[in-house]
Amino acid sequence: VMVAALCAMPPRLTAQPASSKSTIKVVLVSGGASGLSAGETDSFFSNLQGKLSQFSALSVFLKADFAKGLNKEDRAALEKCVDVGCVQSIAGKAGFQRVLLCRITKKNSRYQFQSDEFDVKKSQKLSEVTDNAVCASAGDVDLFIRGVAIRVGQTVTHDTSVPESLQESKSDL
């Protein structure tokens, strides 16, 4: 009878420890692309957003996805934004903490990436990441995006750990 009573009782729920870090909501904005087609630009920023989102401390939205969550007035204002201050203001109202303004340039097989991180409440730049690579294949471009995402993710979160999914295998590259 005792065993039946114990088995019939619901299991005791154990409290999960609270996350030590809160999620930083980030809007990723293209500050321009040179030398890439519209499709290449979209692909680059989508891949970057996906890789940045692998950092558990970041919740990253592309500008188009960010706009979908805004009310009609703010969406119209975002479409007219010509500077980062305007995007910061709208992002702050929507509960975001950071704006990442990113530029990508491709000349032949040389890529240059630059991002500037802004807090939505401060006009000064918080951080900057610049990276260059020569990419001879789509795989090289993917490795470049992964490297950029790691540097940007570590900079924004102020954490040196890299998500396991972004870590490279130990091969002779």
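Provided above is the structure to which this section pertains.
Residues numbered from 1 in each chain as written. Predicted model: local features only at pLDDT ≥ 70, side-chain atom pairs only at ≥ 80, totals over all residues. Heavy atoms only, no water.

**Let's talk about the pattern of salt bridges**
Enumeration according to the criterion identifies 10 salt bridges in this entry. Its salt-bridge partner being Arg98, residue Glu117 comes within 2.8 Å of it at the nearest N-O pair. Taken as a pair, Glu117 in strand β4 (residues 110-119) and Arg98 in strand β3 (residues 98-107) lie far apart in primary sequence, 19 residues in all. We note a salt bridge from Arg151 to Asp131, for which the minimum N-O separation is 3.9 Å. Taken as a pair, Arg151 in helix α6 (residues 138-157) and Asp131 in strand β5 (residues 125-134) lie far apart in primary sequence, 20 residues in all. For Arg151, a relative accessible area of 36% corresponds to the partly exposed category. (Salt bridge = Lys/Arg side-chain N within 4 Å of Asp/Glu carboxyl O. Helix = DSSP H or I, 4+ residues; strand = E, 2+ residues; numbered from the N terminus. Buried < 20%, exposed > 50% of the residue type's maximum accessible area, 1.4 Å probe, protein only.)

**Examining the state of the cysteines**
What the rule picks out here adds up to one disulfide. Each sulfur of the disulfide joining Cys81 and Cys86 lies 2.0 Å from the other. When the S-S torsion is -60°, as for the bridge of Cys81 with Cys86, the disulfide is left-handed. (Disulfide = S-S within 2.5 Å.)

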